[in-house]
Amino acid sequence: MTLKNIYMSYNGWSNYATFRVHNDILNGIDFENGVSIDTLQEIVRDVVFSNSNSHYLMTDYTNLFLKTVDWKEIAEVYNTDILTQKLNINESEI
């Protein structure tokens, strides 16, 4: 990890938005099969915009925030976890 990456990271994620989307929305979902970036984005959009009477400012802010999420990073973490579970690999032994 480069010095730039350390300064750009947040709780082990590449940025604050990515951390918050993982922590606040996706963390409780039990993914059994691989996940795609499109699937993750659809889930988050559904959660963020359902049951909401969004005002224009909130919608613009939310879209701006979601554009900064590192969707590839989240998908890679979940897919690695899924593969680890399927192969019954104990990460502490690696």
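Note that the coordinates shown come from a computational prediction; the quantities given were computed from them, not determined experimentally.

### What to know about the pattern of salt bridges
In a structure, side chains of opposite charge can pair up when their charged atoms sit close to one another.
Point 1. Considering all chains together, one arrives at 2 salt bridges under this definition.
Point 2. Notably, a salt bridge pairs Arg-20 with Asp-24, separated by 2.5 Å at the nearest N-O pair. Separated by 4 residues within a single helix, Arg-20 and Asp-24 lie in helix H2 (residues 16–26), roughly one turn from each other.
Point 3. According to the relative accessible area criterion, Asp-24 is partly exposed, its value standing at 44%.
Point 4. Lys-72 is paired through a salt bridge with Glu-76; the nearest N and O atoms lie 3.9 Å apart. Here Lys-72 and its partner Glu-76 are both found in helix H5 (residues 71–87), 4 residues apart, which amounts to about one turn of the helix.
Point 5. Its relative accessible area of 43% is what places Glu-76 among the partly exposed residues.

### Focus on a nonpolar patch on the surface
Point 1. On the surface, Leu-83, Leu-87 and Ile-89 cluster together into a nonpolar patch covering about 280 Å² of accessible area.
Point 2. With respect to the helices and strands, Ile-89 occurs in the segment after H5.

### Quick notes on the nonpolar core
As a rule of thumb, nonpolar side chains are buried together in soluble globular proteins.
Point 1. Counting residues in each nonpolar core, the largest one holds 16 residues, and the members touching the most others are Val-21, Leu-26, Leu-40 and Ile-74.
Point 2. Counting residues per element, the ones that place at least two in this core are H2, helix H3 (37–49) and H5.
Point 3. With 5 residues, the top contributor of residues to this core is H5.
Point 4. Excluding residues within four positions of it along the chain, Val-21 makes contact with Leu-26, Val-44, Phe-65, Leu-66, Val-69, Trp-71 and Ile-74.

### As for the packing of H2 against H5
Point 1. Where H2 contacts H5, the two axes come as close as 9 Å, and the packing angle between them is 50°. The pairing of H2 with H5 is recorded here as oblique in orientation. By crossing handedness, the relation of H2 to H5 is classed as right-handed. Of the residues in H5, those in contact with Thr-18, Val-21, His-22 and Leu-26 of H2 are Trp-71, Glu-73, Ile-74 and Tyr-78.
Point 2. Of the residues in the contact of H2 with H5, the class split is 5 nonpolar, 2 polar and 1 charged.

Criteria and thresholds
Residues numbered from 1 in each chain as written. Predicted model: local features only at pLDDT ≥ 70, side-chain atom pairs only at ≥ 80, totals over all residues. Heavy atoms only, no water. Salt bridge = Lys/Arg side-chain N within 4 Å of Asp/Glu carboxyl O. Helix = DSSP H or I, 4+ residues; strand = E, 2+ residues; numbered from the N terminus. Buried < 20%, exposed > 50% of the residue type's maximum accessible area, 1.4 Å probe, protein only. Patch = residues over 30% accessible without salt bridge, like charges linked within 9 Å, V, L, I, M, F, W, Y side chains within 5 Å. Areas by Shrake-Rupley, 256 points an atom, 1.4 Å probe, with all protein chains shown as cover. Core = buried A, V, L, I, M, F, W, Y, C linked by side-chain atoms within 4.5 Å. Contact = heavy atoms within 4.5 Å. Axes fitted to C-alpha atoms, helices over the stretch in contact; angles between N-to-C directions. Parallel < 35°, antiparallel > 145°, perpendicular 65-115°, else oblique. Left-handed = near helix turned anticlockwise from the far one by under 90°. Nonpolar A, V, L, I, M, F, W, Y, C, P; charged D, E, K, R; others polar.

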